[in-house]
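The residues making up each chain are set out below.
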Amino acid sequence: MRALVVDHASPGHLTLADVPDPRPAGNEALVRVEAFSLNSGEIHTATRPGTPDGSLLGWDAAGVVVRAASDGSGPAEGERVVTVGHTGWAELRAVPATLLGTAPKGADPGALGTLPVAGLSALHALRRMGPLLGRRVMVTGASGGVGRYAVQLAARAGAHVVAVSRASGQAAALRTLGASEVHPEPAAVRKPVAAVLDNVGGPHLVDAFAALGAGGTLVSVGRSSGADAVLPPDALLGDGGRHDRSIRTFFLFGDPAPDFSAELTWLAHEVAEGRLDPGISWRGPWTRHSEAVEALLGGQLHGKAVLDVE
Ligand SMILES: NC(=O)c1ccc[n+]([C@@H]2O[C@H](COP(=O)([O-])OP(=O)(O)OC[C@H]3O[C@@H](n4cnc5c(N)ncnc54)[C@H](OP(=O)(O)O)[C@@H]3O)[C@@H](O)[C@H]2O)c1
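Heads up: these notes are all about the structure in this document. (Residues numbered from 1 in each chain as written. Predicted model: local features only at pLDDT ≥ 70, side-chain atom pairs only at ≥ 80, totals over all residues. Heavy atoms only, no water.)

1. Remarks on unusual backbone geometry
What is expected of a backbone is that most residues other than glycine have negative phi and most peptide bonds are trans. Residues other than glycine seldom take positive phi values, yet H13 does so here, at roughly 65°. Locating H13 in the fold gives a position in the loop between β1 (2–6) and β2 (14–18). (Helix = DSSP H or I, 4+ residues; strand = E, 2+ residues; numbered from the N terminus.)

In structure tokens, the structure reads:
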């Protein structure tokens, strides 16, 4: 089969190559991949000099089951599915039922392909915050892949969503997705928030932590800024309504990886039936992968880059 593998000599550090077909275990379905989206974490891995040429990266994929798992678990042949895993951007993927959700037959695979890492991370990070109804929830990096899903899901859960985005042109779009307030940086948020989903790290994390009210939690999902988060001594004071605040780390895959099947199926139906916006910001055939990588690394995306596998 063909796959997109790391090649540091190629534009975007990726190239299409022939690799061996996967050999599904008894609990794995074989999926023909139709589309996938890029995540900033895997692109940064691809561009890192220490990542060997030939590495197969890629967590997200949507497609159709071409051979059901031989142990009878998971979806039947012909079902449209969305999958998360480490098995790479390739024409075929072997996936256990726990890492695969089913989608309506007519669903757009490109829209489904935006969901696995971004949608699941937004959903799980928001759940770390407890009930959201009527609470002020800040989302930083709000116009990114995780951010856009987090804004929508938090609003759906009844939160007053405080979106933080440096992309001033995205304010109207973020309000349409459910944000009640949009600010250029966390320091501009004057009223305390009950929780933060932070995608950016660095000074954003420091200022967002300062915006938490008593008992509030910041869930640190990402570090898109690449900057150090330096907490001045006063940041950790608990006086003046600032006591009992916490910062939680987050890792989607955990150990062992959770069973994502029900959540992927739910998210797939929400996207397919128009209740969640997949936020496709760039789309093209996977032969144009270097343009997508360039757009992602250049900060030109406001949402997801989707590649269609031809
Ligand atoms: N821990 C986990 O399991 C997990 C899972 C998924 C993702 N992540 C991480 O979470 C982060 C977000 O992922 P993503 O897929 O949403 O990435 P993304 O699509 O690239 O979005 C990141 C957003 O962060 C903001 N941003 C980027 N650089 C910034 C800077 N220098 N200063 C301020 N804001 C900046 C931008 O939003 P605005 O333009 O709106 O400000 C950007 O759209 C990444 O670091 C990713 O690696 C971690």
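Next comes the rest of the write-up.
2. A short note on the side chain of H183
As for its placement among the helices and strands, H183 is situated in strand β10 (residues 179–183). In this structure H183 touches V162, A163, V164, S165, A188 and V189, once residues within four positions along its chain are discounted. (Contact = heavy atoms within 4.5 Å.)

3. Concerning the pattern of salt bridges
Applying the stated rule across the entire model yields twelve salt bridges. For E91, the salt bridge identified is with R2, shortest N-O distance 3.4 Å. Here E91 is found in the loop between β5 (80–84) and β6 (92–96), whereas its partner R2 is found in strand β1, with 89 residues between them in sequence. Among the ionic pairs, R275 bridges to E270, the shortest N-O distance being 3.0 Å. Overall, E270 belongs to the buried group, its relative accessible area being 5%. Residues joined in a network through salt bridges with shared partners are R156, E270, E273 and R275. (Salt bridge = Lys/Arg side-chain N within 4 Å of Asp/Glu carboxyl O. Buried < 20%, exposed > 50% of the residue type's maximum accessible area, 1.4 Å probe, protein only.)

4. Description of helix α4 (residues 145–156)
Taking 1.5 Å per residue as the helical rise, α4 with its twelve residues ought to reach 16 Å, and the 17 Å between its terminal C-alpha atoms agrees with that figure. Among the twelve residues in α4, ten count as buried, and that is most of the element. Every buried residue belonging to α4 is among G145, V146, G147, R148, Y149, A150, V151, Q152, L153 and A154, and all of these are buried. G158 sits one or two positions beyond α4 and adopts a positive phi of about 95°. (Expected span 1.5 Å × (residues − 1).)

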